[in-house]
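# Chains, contacts and geometry: an overview
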Amino acid sequence: MTVHWIVKPGNDPAAKPSQVELAARLTGPYMGVGDLKSAARGKAQPASGEVTFEAPLVRPSGEAPLVRPSGAADERPVSVISIAADALPGYYNLITSVRQGGGSVMGASVVRVAPKA
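Quick look at the structure, then. Computed from a prediction, not measured in an experiment: that's the story for all the values here. (Residues numbered from 1 in each chain as written. Predicted model: local features only at pLDDT ≥ 70, side-chain atom pairs only at ≥ 80, totals over all residues. Heavy atoms only, no water.)

So, on to the side chain of Glu-21. Position of Glu-21 among the secondary structure elements: in strand E2 (residues 20–30). Note on Glu-21: relative accessible area 15%, which makes it buried. Among the polar contacts listed, one links the side chain of Glu-21 to the side chain of Arg-59, at a separation of 2.9 Å. Those residues in contact with Glu-21, other than ones at most four positions away along the chain, are Leu-57, Val-58, Arg-59, Ser-97, Val-98 and Arg-99. (Helix = DSSP H or I, 4+ residues; strand = E, 2+ residues; numbered from the N terminus. Buried < 20%, exposed > 50% of the residue type's maximum accessible area, 1.4 Å probe, protein only. Polar contact = N/O pair within 3.5 Å; in protein donor to acceptor, adjacent residues only side chain to side chain. Contact = heavy atoms within 4.5 Å.)

Okay, structure coming up:
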C-alpha cells in the first residue's frame, strides 16, 4: 500500500527549513468500522489479535522539504506499507504523522484489507 504525501511550500520567506519525518502504519484487523473506532478510543479489541504493518520513515532530502520558505515544492514523498500475504481481512486503521521542528500532526483513515482474488 502506498501513501502519497502532498508537499506545500511555506508562507514565510524568512523561515529556515527543518528536517521532516513522515510516518505511516496500518493496525488491525477489525470486524467493522465501528469496532475500529471503538478500539481507537480504547473501548474494543481487534478481531483476531492486533497486528501492525509499518512503512519505513520517510525523510525528504531537504532539497524540497515538506515546508519550504520559497520556491517550488517538487518532491513527491511516498510511504510504502508492506502488508503480509497472510494478513487477515478486515478493517485497518491507517495512521499517518508528520514531525517537523519539535511538533507533529497526525491523521487517521479506515482501510479495508481484502483477501487476494
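Here the narrative resumes.
Counting residues in each nonpolar core, the largest one holds 16 residues, and the members touching the most others are Val-3, Leu-22, Leu-26, Phe-53, Ile-81, Tyr-92 and Leu-94. Per-element tally for this core: the top contributor is E2, with four residues. When residues no more than four places from it in sequence are discounted, the contact partners of Leu-94 are Met-1, Val-3, Arg-25, Leu-26, Ile-81, Gly-107, Ala-108, Ser-109 and Val-111. (Core = buried A, V, L, I, M, F, W, Y, C linked by side-chain atoms within 4.5 Å.)

Between side chains of opposite charge, a pair can form as their charged atoms come close. Applying the stated criterion across every chain, the model contains two salt bridges. Here Glu-21 ties to Arg-59 by a salt bridge, and the two come within 2.9 Å at their closest N and O atoms. Taken together, the residues Glu-21 in strand E2 and Arg-59 in the loop between strand E3 (51–54) and strand E4 (78–80) connect sequence positions 38 residues apart. Classification of Arg-59 as partly exposed rests on a relative accessible area of 48%. The closest approach of N and O atoms between Glu-21 and Arg-99, which form a salt bridge, is 2.2 Å. You can see Glu-21 sitting in strand E2 and its partner Arg-99 sitting in strand E5 (residues 90–100), a full 78 residues away along the chain. Linked through salt bridges whose partners overlap, the residues forming this network are Glu-21, Arg-59 and Arg-99. (Salt bridge = Lys/Arg side-chain N within 4 Å of Asp/Glu carboxyl O.)

This paragraph deals with the environment of Ile-83. By the element assignment, Ile-83 lies in the loop between E4 and E5. Measuring from C-alpha to C-alpha, the distance between Ile-83 and Phe-53 comes to 6.1 Å, with 30 residues separating the pair along the chain. Discounting residues that sit within four places of it in the chain, Ile-83 has contacts with Met-1, Leu-26, Phe-53 and Val-113.

A few words now on the packing of aromatic side chains. With the rule as written, the count across this model stands at one aromatic pair. Seen from their ring centres, Phe-53 and Tyr-92 are 6.3 Å apart, and the 40° between their planes marks the pair as tilted. Within this pair, whereas Phe-53 is found in strand E3, its partner Tyr-92 is found in strand E5, the two being separated by 39 residues in sequence. With a relative accessible area of 0%, Tyr-92 lands in the buried category. (Phe/Tyr/Trp six-rings, centres within 6.5 Å; stacked < 30°, edge-to-face > 60°.)

Honestly, that's just the spatial picture; any functional story needs more than this.
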